[in-house]
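# Summary of the model geometry
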Amino acid sequence: MTAIRKILTTTFAMLLLAGVQAQVKWHTIDEASKAKIGSKMYFVDFYTDWCGYCKKMDRQTFTDPTVAKILNRYFYPVKFNAESSQTVQWAGKTYRPGSGRARSHEFAAGLRGFPSFVLYRADGSVIQVIPGFYPAKDFIVVLWYFASGDCDRYPFEQYSKMFDKDIKPAMLKQLK
C-alpha cells in the first residue's frame, strides 16, 4: 500500500509540474496608474470577453516562458478590458466607459480590433500600438525589439530577419 501511494504521489506531482506554465504578473490599470516603473515601459493588453484571439493569446502566447520572462522583467504588464465599466485615470486624464451602442471604453478609443497591445513610456505617452494575435515565437521578436532598445537602431523588418541568427542567442543568455 505504501509503495502504491508513493507511485501515485510521484506521478501526481510530475503531472502538476508538467502542467505548470509560465506566468505573466498582470496588473490592473489602477495599479499601473499609481506605479513608479522607473525605466520600464507599460505593456497594456486591451482585450474583450468575447474575443477569441484574446483568449488564444492568453492560452498560447502569454504562457510561453520566454514571453513571460520578457514581460515581467522589462515591462509593467497590464490587462484592460476594452469594454470595462470603470472610469480610468491615466497620465493625468480621465477616461469613461462607452455608452449606448459604443461599448468600447474611451481608454481603448482608436484601437482597431482586439487583441491590441499598447506600449507606453513611464509618463503614459504611447510608444507603439501592436494589433492582433501573435504566436509566442513571433511575439518574442516584437517584445525584445522594444525591451532591448533595438527599436532605436533598426527598422523592424530588418530586425526580424536577423533576429534568429544574430540577436536571439544573446537575448537567451541575458534572460537566464
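In this report, the structure presented in the accompanying data block is examined.

Definitions and limits used
- Residues numbered from 1 in each chain as written.
- Predicted model: local features only at pLDDT ≥ 70, side-chain atom pairs only at ≥ 80, totals over all residues.
- Heavy atoms only, no water.
- Buried < 20%, exposed > 50% of the residue type's maximum accessible area, 1.4 Å probe, protein only.
- Helix = DSSP H or I, 4+ residues; strand = E, 2+ residues; numbered from the N terminus.
- Pairing = 2+ DSSP bridges.
- Axes fitted to C-alpha atoms, helices over the stretch in contact; angles between N-to-C directions.
- Parallel < 35°, antiparallel > 145°, perpendicular 65-115°, else oblique.
- Left-handed = near helix turned anticlockwise from the far one by under 90°.
- Contact = heavy atoms within 4.5 Å.
- Nonpolar A, V, L, I, M, F, W, Y, C, P; charged D, E, K, R; others polar.
- Core = buried A, V, L, I, M, F, W, Y, C linked by side-chain atoms within 4.5 Å.

So, about the pairing of strand β2 (residues 75–81). Counting buried positions along β2 yields six of seven residues, so the element is predominantly enclosed. Across seven bridges, strand β1 (residues 41–47) lies against β2 in parallel orientation. Its bridge partner lying in β2, V44 is registered against V78.

At a closest axis distance of 11 Å, the pairing of helix α4 (residues 65–74) and helix α6 (residues 156–175) adopts a crossing angle of 65 degrees. Comparing the axis directions of α4 and α6 gives the class roughly perpendicular. Judged by the sense of rotation from one axis to the other, the crossing of α4 with α6 is left-handed. Between α4, through T66, K69, I70, R73 and Y74, and α6, the contact on the second element is made entirely by M171, Q174 and L175. Here the residues of the contact of α4 with α6 sort into four nonpolar, two polar and two charged.

With that settled, the discussion passes to the nonpolar core. In this structure, F43, F62, I70, F75 and W144 are the most contacted members of the largest nonpolar core, which totals 31 residues. Contributing elements (two or more residues each) for this core: β1, α4, β5 (116–120), α5 (136–147) and α6. Here the element with the most residues in this core is α5; it accounts for 10 residues. When sequence neighbours within four positions are dropped, the list of residues in contact with F43 reads W26, F62, L71, F75, Y76, P77, V78, F117, V118, L119, F139 and L143. Grouped together as the second largest cluster of nonpolar side chains are 22 residues, I29, Y95, F107 and F114 included.

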